[in-house]
Structures are given as structure tokens and as C-alpha cells.
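# Examining the three-dimensional arrangement
The residues making up each chain are set out below.
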Amino acid sequence: MKVAILGFGTVGSSVARILCDLKPAGIELTQVLNRGVARKRVDWTPPGTHWTEDFEQVLRSDADVIVELVGGLEPAGTWVRRALEAGKSAVTGNKKLIAEHGVELDRLARANGAHLLYGAAVAGGIPVIPGLRQGLAGDRITRIEGILNGTCNYILSRMEAGAAFSEVLCDAQSLGYAEANPSEDVDGYDARAKLVILSRIALRAGLDVKSVFCRSITQVDAVDLVYARDLGCTIRQIAKAELHPDGVSAMVGPMLVPLRSPLAWSRGTENMVLVSGQYGGDVVFSGHGAGGHPTAVAVVSDLISLAHGSRPVDLPSRATPVSGEFELRHYIRFIVKDAPGIVAEIAGALASEKINIDALFQRPGYDKADLPFVVTVEPCAASSLRRALDRIGSAAWLAQPPLDMPMLGE
Ligand SMILES: NC(=O)c1ccc[n+]([C@@H]2O[C@H](COP(=O)([O-])OP(=O)(O)OC[C@H]3O[C@@H](n4cnc5c(N)ncnc54)[C@H](OP(=O)(O)O)[C@@H]3O)[C@@H](O)[C@H]2O)c1
């Protein structure tokens, strides 16, 4: 099986390295494409490797499979489409492309007798996609909860140890974990693309990416991690999707996770995915969700399965309505200019939406002009809570808008 790698960056060069080291039977690296290819050329690929900047050369060549590791929607999308139309199979790690165009590309592959594999598109080196497609295809998965973005996990697990958001973000950028513009990660868009891919495979639900509600982790303050600890929890960016008879509830954002939940055990850039099946119960996948070598392992594994003639399991999905509604306990953190009657006003707003207060926490020692305290509420719909909080949104005693976060169960 002759392989052309498109994009010789972090993952592309790691794929080439592993192919050269492991020499998997029946796989031959024959081409590498990159812009400005002269500065990319290395001397350790097989002697006959053809280096090019021209995709038309790859398309005309005898390569059986293209490995798309350029990233982004274009030109990657056009290259994958044209390769599939030409009957060449494609392997990619491009979550954006697969989240937005995966259904169409899967169809195109089938129509042309080719295969499209994207095991690296979610959670890098953790075999979540092959695990769902093969190992769990015999169950009816009803829920996915995942830590799908290593940058956010690095930031929140360092904040858990007492560091401030801005300081940790700078460290993440200098270590190469976070981009100069970290919005894709911290605002949840990266995890959202991965959640959409997992929902398609696990829940068989085709979700419109932009309809999945995202909340940024930038609103999480050091004080939230202190209060979370008092509640026996920590905070993680969670991507969550749940199947209901009339659709799917899905969202990405910071959530409280009990310390006893496996989701709380992930540290640094680790990823973790917990899926719940009707018949098989809970299954946890964890490991390195990113990085050149871990991600390349997923790509090479896809190539090996193609070389062995395995056909990817086809799990048809259908377009499914999505809402951000979860019936969960919630944590609400207020920062107020202290005054009499504040708690009564909050209780009134919550009661107006029939939301029961579970507990109220106030640690001593904070400035009365900037006083943080926390209210936890019994399970309620996110929309009811939003309406209740909107009622007090303009109160003169609020020093900052309140922050509410769902609290996951064990
Ligand atoms: N890195 C990870 O940990 C990770 C994990 C999971 C999935 N992925 C996915 O894997 C893919 C590759 O990621 P990466 O981290 O390897 O990215 P990267 O280091 O930026 O590599 C991309 C490569 O593609 C080349 N390239 C970009 N646009 C091009 C164009 N128009 N024509 C020709 N070459 C072009 C770049 O060349 P230049 O050198 O000129 O920029 C670079 O060598 C992405 O889809 C990413 O989402 C990455």
C-alpha cells in the first residue's frame, strides 16, 4: 500500500518517523507534500520518497492512500474529496473537517470504493474512535462525557494546584500547548468539534456543530476551585452529550466533577472519555490526547488496518435536533458588594423558577466589597436557571455577573 503524507508538520513528520522505524508490513511511504517543501525535506525517509508542493502530482501518482495532516477546512477538504473521487483512500486527523463534512466525505468514500479513516481526529493517541466503532458497536451508547482538550485540562489542573488562569495560559503558550490565540481551546470550539464526531459514531446522532452550546473556561476563577474542593469536586472542561427520545442534549464548558469520578483523575494535557452503554455500562478511555507521536500512532494504526484490508465499521447516523438542556445540579458563584437581603433576593429568583436551593457556602476572610459565595441548587433545567439568574442580573449588589456550572454526578 503506497502512502502519500500531505502536511509534514508535527503529526505528519511523526507518522513518517514511525513508518520508517516500525516498517509495518505492506506499507510504503512514497510521497510527502508540503508548501515550501525544500525547508521540510529530511534525509531519513525511504530513498525513493518523492517530495512535492503540487497536489496534482500526488493525485496522478500510484499512491493508494493519502494521509491528510495539513489541518483546517481548505485546501485539506478539497484534497480529501479529490483523492476519494479518484478511488484513493484517505486517513486524516482533521477534527474540523470531519466534524463539519464527515458525513458527506464518508458517503463519497463509499461511492468510490475507497475508505476514510480518522482515528486521530478525537483524543489523539487514545483509540476512542476505533473503540466505539468496533469494541462498542454492539451496545446502545446513551451518554458521552469527555475531557477532549488537553490545553484546558492543563490550565484547569494547574489552577486546581493554586495557579492563576493568566499565568498558566502563558506557560501553556510557551510550552506549545496553547496557540497565540487560545480561543479555539478555552472557548470550547475544539472540544465541540470532537464531541460532534463522537456523537455521530457513539449516539448515531448527526449534530449541527454550531448548534452545540459552548461556554468558555476563562470565567473560572481561582476561588471556584477552592469552593469546588469544599464540595468534594474539581473543575474540568467537559464535553457532554446525552441521548433522549426526542433528540440529544449537548454542551461544552467548565463543570464540577466529583473527585471520585475518573474524570477528575486526568492531569496536565491528558484526555479522557467516559461512555455509558445501555447493556455494557460505563467504559473509560484515557491517555495522551495530543502531541506528534501519540497522534501519529492513531494515524499509523489506521494505515495498518487499511493495509490488512479491514473495512471500517459503518455506523449510520441521522440528523438529530440538539439542545443545551441538562437536568443537573448546578453550582452558582456570586461575587457581591455585601448588603442585607442579597440571599433573600437570590432565593426569590430561584423560587420563581421552582428551583430548590441545596446549600449555601461562604468562606470567611474575603473583602466585603468583593465577597464570593456559592449557592448549589438541586437538579434543574439549564434554561430555568438562566431565567432565574437573568432576574437578578442587574442587581446593584452584584460586583460581577454570577457564574453557574453544572455539577456532574459520580
Ligand atoms: N498536533 C496534535 O497534537 C494533533 C492532535 C490531534 C489531531 N491533530 C490534527 O492533525 C492535523 C495536523 O496537525 P499538526 O499539529 O501536525 O499541524 P502542523 O504542525 O501545523 O502541520 C501542518 C503542516 O501542513 C503544512 N501546510 C499547511 N497548510 C498547507 C498548505 N496550504 N499547503 C501545503 N502544506 C500546508 C504546514 O506547513 P508549514 O510548515 O509551512 O506551516 C505544516 O507542515 C490537524 O488537522 C490537527 O487538528 C493534531
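Residues numbered from 1 in each chain as written. Predicted model: local features only at pLDDT ≥ 70, side-chain atom pairs only at ≥ 80, totals over all residues.

### Topic: the overall build of the protein chain
Under the convention used in this document: Secondary structure elements are defined from DSSP: runs of H or I of at least 4 residues count as helices, runs of E of at least 2 residues count as strands, and each element is numbered from the N terminus. Here the globule rule is a power law, 2.2 Å times the number of residues to the power 0.38, and the radius of gyration is based on C-alpha atoms. Working definition of burial: number of other C-beta atoms within 10 Å of the residue's own, with buried at 20 or more, exposed at 12 or fewer, and partly exposed in between, all C-beta atoms being placed from the backbone. The contact criterion used here is simple: two residues whose C-beta atoms, placed from the backbone, lie within 7 Å are in contact.
Looking only at helices and strands, the protein chain features 13 helices and 19 strands. What you see for the protein chain is a C-alpha radius of gyration of 24 Å, in line with the 22 Å of a compact globule of 410 residues. Judged by the C-alpha coordinates and their principal axes, the protein chain covers about 80 × 45 × 35 Å. Counting all 410 residues of the protein chain, 44% fall into the buried class. Of the contacts made within the protein chain by residues no fewer than 6 positions apart, 74% connect residues no fewer than 24 positions apart.

### A closer look at the site of the ligand
Basically, it comes down to this: Nearness between a residue and a molecule or strand is assessed with a C-beta atom placed from the backbone; a distance within 6 Å qualifies. Gly is placed with the polar residues, together with every amino acid not listed as nonpolar (Ala, Val, Leu, Ile, Met, Phe, Trp, Tyr, Cys and Pro) or charged (Asp, Glu, Lys and Arg).
Near the ligand, the surroundings consist of 21 residues, among which Gly7, Gly9, Gly71, Gly93 and Ala290 are the closest. Counting residues per element, the shell around the ligand draws most heavily on helix H1 (residues 10-22), which supplies three residues. Classifying every residue of the shell around the ligand gives seven nonpolar, twelve polar and two charged.

### Description of the domain arrangement of the protein chain
Applied cut-off: Residue ranges for the domains trace back to a domain assignment, done automatically or taken from a database.
For the protein chain, the assigned domains read domain 1 (2-117), domain 2 (128-289 + 314-323) and domain 3 (327-407). The gap between the C-alpha centroids of domain 1 and domain 3 is 52 Å.

### Considerations on the sheet that holds strand E4 (residues 65-68)
Just so we agree on the cut-off: Paired strands, in this sense, are two strands between which DSSP finds at least two bridges. Between N-to-C directions, angles span 0 to 180 degrees; the directions come from axes that are lines fitted to C-alpha atoms, helices contributing only their stretch in contact.
Ordered by their spatial adjacency, six strands build an open sheet running E3-E2-E1-E4-E5-E6, and the pairing between neighbours is parallel. Looking at strand neighbours, the two that pair on one side only are strand E3 (50-52) and strand E6 (116-117), the edges of this open sheet. Two elements, strand E5 (residues 89-92) and E6, share two bridges in a ladder whose sense is parallel. The residue of E6 that forms the bridge with Ala90 is Leu116. Against the sheet, helix H3 (residues 76-85) engages strand E1 (2-6), E4, E5 and E6, with an angle of about 165 degrees to E4.

### Regarding the nonpolar core
Rule in force here: Core membership is restricted to buried Ala, Val, Leu, Ile, Met, Phe, Trp, Tyr and Cys residues, and these are joined into a nonpolar core through C-beta atoms within 7 Å.
Formed by 121 residues in total, the largest nonpolar core has its most connected members in Ile5 and Val67. Element by element, the count of residues in this core is highest for helix H9 (residues 189-203), at nine residues. Not counting the four nearest positions on each side in its chain, Val67 is found in contact with Val3, Ala4, Ile5, Leu6, Val15, Val91 and Val299.

### Considering the pairing of strand E18 (residues 371-381)
As defined by bridge partners, strand E16 (residues 327-336) adjoins E18 across nine bridges and the pair is classed as antiparallel. Bridge pairing in E18 links Glu327 to Ala381. Here strand E17 (residues 357-361) pairs with E18 via four bridges, running antiparallel. Paired with Phe361 across the strands is Val374, a residue of E18.

### Focus on the packing of helix H6 (residues 150-160) against helix H7 (residues 165-174)
Put simply, the rule is: Angle categories are assigned with fixed cut-offs, so that under 35 degrees is roughly parallel, over 145 is roughly antiparallel, 65 to 115 is roughly perpendicular, and the rest are oblique. Handedness of each helix crossing follows the sense of rotation of the near helix against the far helix: counterclockwise by less than a right angle gives left-handed, clockwise gives right-handed.
At their nearest, the axes of H6 and H7 sit 9 Å apart, and the two run at 135 degrees to each other. Taken together, the axis directions place H6 and H7 in an arrangement best described as oblique. Crossing handedness for the pair H6 and H7: right-handed. Residues Thr151, Tyr154, Ile155, Arg158 and Met159 of H6 form the contact with H7, whose participating residues are Phe165, Val168, Leu169 and Ala172. Here the residues of the contact of H6 with H7 sort into seven nonpolar, one polar and one charged.

### Digging into the packing of helix H5 (residues 128-135) against H9
Where H5 meets H9, the axes come as close as 9 Å, and the angle between the chain directions of the two elements is 15 degrees. On the basis of the axis angle, H5 is roughly parallel to H9. For the pair H5 and H9, the sense of crossing is left-handed. For the pair formed by H5 and H9, the contact residues are Val128, Ile129, Leu132 and Arg133 on the first element and Leu198, Ile201 and Ala202 on the second. Classifying every residue of the contact of H5 with H9 by side-chain character gives six nonpolar, no polar and one charged.

### Observations concerning helix H4 (residues 95-111)
The following threshold applies: Throughout, bend refers to the angle between the axes fitted to the seven residues that end at a position and the seven residues that start at it.
In the structure, H4 departs most strongly from a straight axis at His101, where the bend amounts to approximately 80 degrees. Of the positions making up H4, those classed as buried are Lys95, Leu97, Ile98, Ala99, Gly102, Leu105, Asp106 and Ala109. Where H4 is buried, its residues meet H3, E5, E6 and H9.

### Brief notes about the environment of Ala193
Counting through the fold element by element, Ala193 comes out in helix H9. For the pair Ala193 and Ile235, spaced 42 residues apart in the sequence, the C-alpha separation amounts to 21 Å.

### So, unusual backbone geometry
Each neighbour pair has its own omega, and for Glu74 with Pro75 the value is 5 degrees, a cis peptide bond. Summarising the element assignment, Pro75 is placed in the loop between E4 and H3. Its identity as a non-glycine residue notwithstanding, Lys23 has a phi of 45 degrees, on the positive side. Along the chain, Lys23 turns up in the loop between H1 and strand E2 (28-33). The backbone of Ala123 shows a phi angle near 60 degrees, a positive value even though the residue is not glycine. On the basis of neighbour counts, which here come to 32 C-beta atoms within 10 Å, the residue Ala123 falls in the buried class.

### A word on H6
In terms of burial, H6 is largely enclosed, as nine of its eleven residues are buried. Where H6 is buried, its residues touch strand E7 (141-147), H7, helix H8 (183-186), helix H10 (222-230), strand E10 (233-244) and strand E12 (270-277).

### A word on the environment of Ile304
Among the secondary structure elements, Ile304 is positioned in helix H11 (residues 292-307). A tally of 16 C-beta atoms within 10 Å means that Ile304 is categorised as partly exposed. It is 8.1 Å that separates the C-alpha atoms of Ile304 and Ala25, two residues lying 279 residues apart in sequence. Excluding its chain neighbours within four sequence positions, the residues that come into contact with Ile304 are Pro24 and Ile27.

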